[in-house]
Amino acid sequence: VLNFNFSKKSGEQANKQTGKQANSNKTTMGWPFCPCCHSTLMVNRSGSIKCAVCTYESNLTALPSLPTSTTVSSETAVPLWAKSDEEQQALMASKEPTRVTVEEPCVKCNHPEVGFYTVQLRSVDEGQTVFYECPNCRYTWSINN
């Protein structure tokens, strides 16, 4: 949680008009929530920060630093049509399907790891059907989630 100190200039002005006293000139808050009423703050293009619920106002220039967030995406899989002819032929030559594996014992031979895939066989508002396949004995079974 990022904490920032905002001065309550217009909030103090509103308090003077209503006759209420302000507790302090600065309030610590987690961005982007209003330090007075804790609702979400709105920021317009000019950098003006306003609360839609109470009279709190500030500006981005009053912030010691702007809040930032960095995300890193993983590499996406290259579609088959975008691969070279050699890569396509190698993938088509392997007839063994690749399954995601999970550490669940096989119900037939007790092998500690099985492959699985899911299929939506029932209506949309119901769960998917999970198919498990044991790489050891090739036994297949399903569970409706």
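Going by the structure above, here's the rest.
If you're wondering where the values come from, they're calculated on a predicted model, not measured in any experiment. (Residues numbered from 1 in each chain as written. Predicted model: local features only at pLDDT ≥ 70, side-chain atom pairs only at ≥ 80, totals over all residues. Heavy atoms only, no water.)

A. Representation of the sheet that holds strand β9 (residues 140-144) within the structure. The antiparallel open sheet is built from four strands, whose spatial order is β6-β7-β8-β9. Edge strands, defined here as strands with exactly one partner in the open sheet, are β6 (100-102) and β9. Neighbouring strand axes in the sheet, compared pairwise and without regard to direction, differ in orientation by 35° on average. Summarising the sheet, β6 and strand β7 (residues 114-119) pair through three bridges and their orientation is antiparallel. The residue of β7 that forms the bridge with V102 is V114. (Pairing = 2+ DSSP bridges. Helix = DSSP H or I, 4+ residues; strand = E, 2+ residues; numbered from the N terminus. Axes fitted to C-alpha atoms, helices over the stretch in contact; angles between N-to-C directions.)

B. Quick peek at the sheet that holds strand β5 (residues 57-59). One open sheet holds the three strands; their spatial order is β3-β4-β5, and the pairing between them is antiparallel. The sheet is open, and its two edges are formed by β3 (41-43) and β5, each paired on a single side. On average, adjacent strands in this sheet sit at an angle of 25° to one another, irrespective of strand direction. Sheet analysis places strand β4 (residues 48-51) next to β5, joined by three bridges and oriented antiparallel. By the bridge assignment for β5, S48 is matched with N59.

C. Region of the structure containing the side chain of E133. Within the fold, E133 resides in strand β8 (residues 129-133). In terms of polar contacts, E133 uses its side chain to reach the side chain of R99, at 3.4 Å. Excluding residues within four positions of it along the chain, E133 makes contact with R99, V114, G115, R138, Y139 and T140. (Polar contact = N/O pair within 3.5 Å; in protein donor to acceptor, adjacent residues only side chain to side chain. Contact = heavy atoms within 4.5 Å.)

D. Examining the side chain of S39 more closely. Mapping S39 onto the fold places it in the loop between β2 (26-30) and β3. Residue classification places S39 among the buried residues on the basis of a relative accessible area of 17%. In contact with S39, other than residues within four places in its own chain, are P32, F33, C34, C51 and V53. (Buried < 20%, exposed > 50% of the residue type's maximum accessible area, 1.4 Å probe, protein only.)

E. Looking closely at unusual backbone geometry. Even without being glycine, H38 reaches a positive phi, approximately 70°. Counting through the fold element by element, H38 comes out in the loop between β2 and β3.

F. Representation of the pairing of β8 in the model. The element β8 is extensively covered by neighbouring structure, given that five of its five residues are classed as buried. Along β8, one buried face is formed by T129, F131 and E133 and the opposite face, lined by V130 and Y132, is buried too. Two elements, β7 and β8, share five bridges in a ladder whose sense is antiparallel. Note that in β8 the partner of T118 across the bridge is V130. Bridging between β8 and β9 involves five bridges; their strand directions are antiparallel. Looking at β9, one finds that Y132 is bridged to W141. From the end of β8 to the start of β9, which pair antiparallel, there are six residues, and R138 there has a positive phi angle of about 65°.

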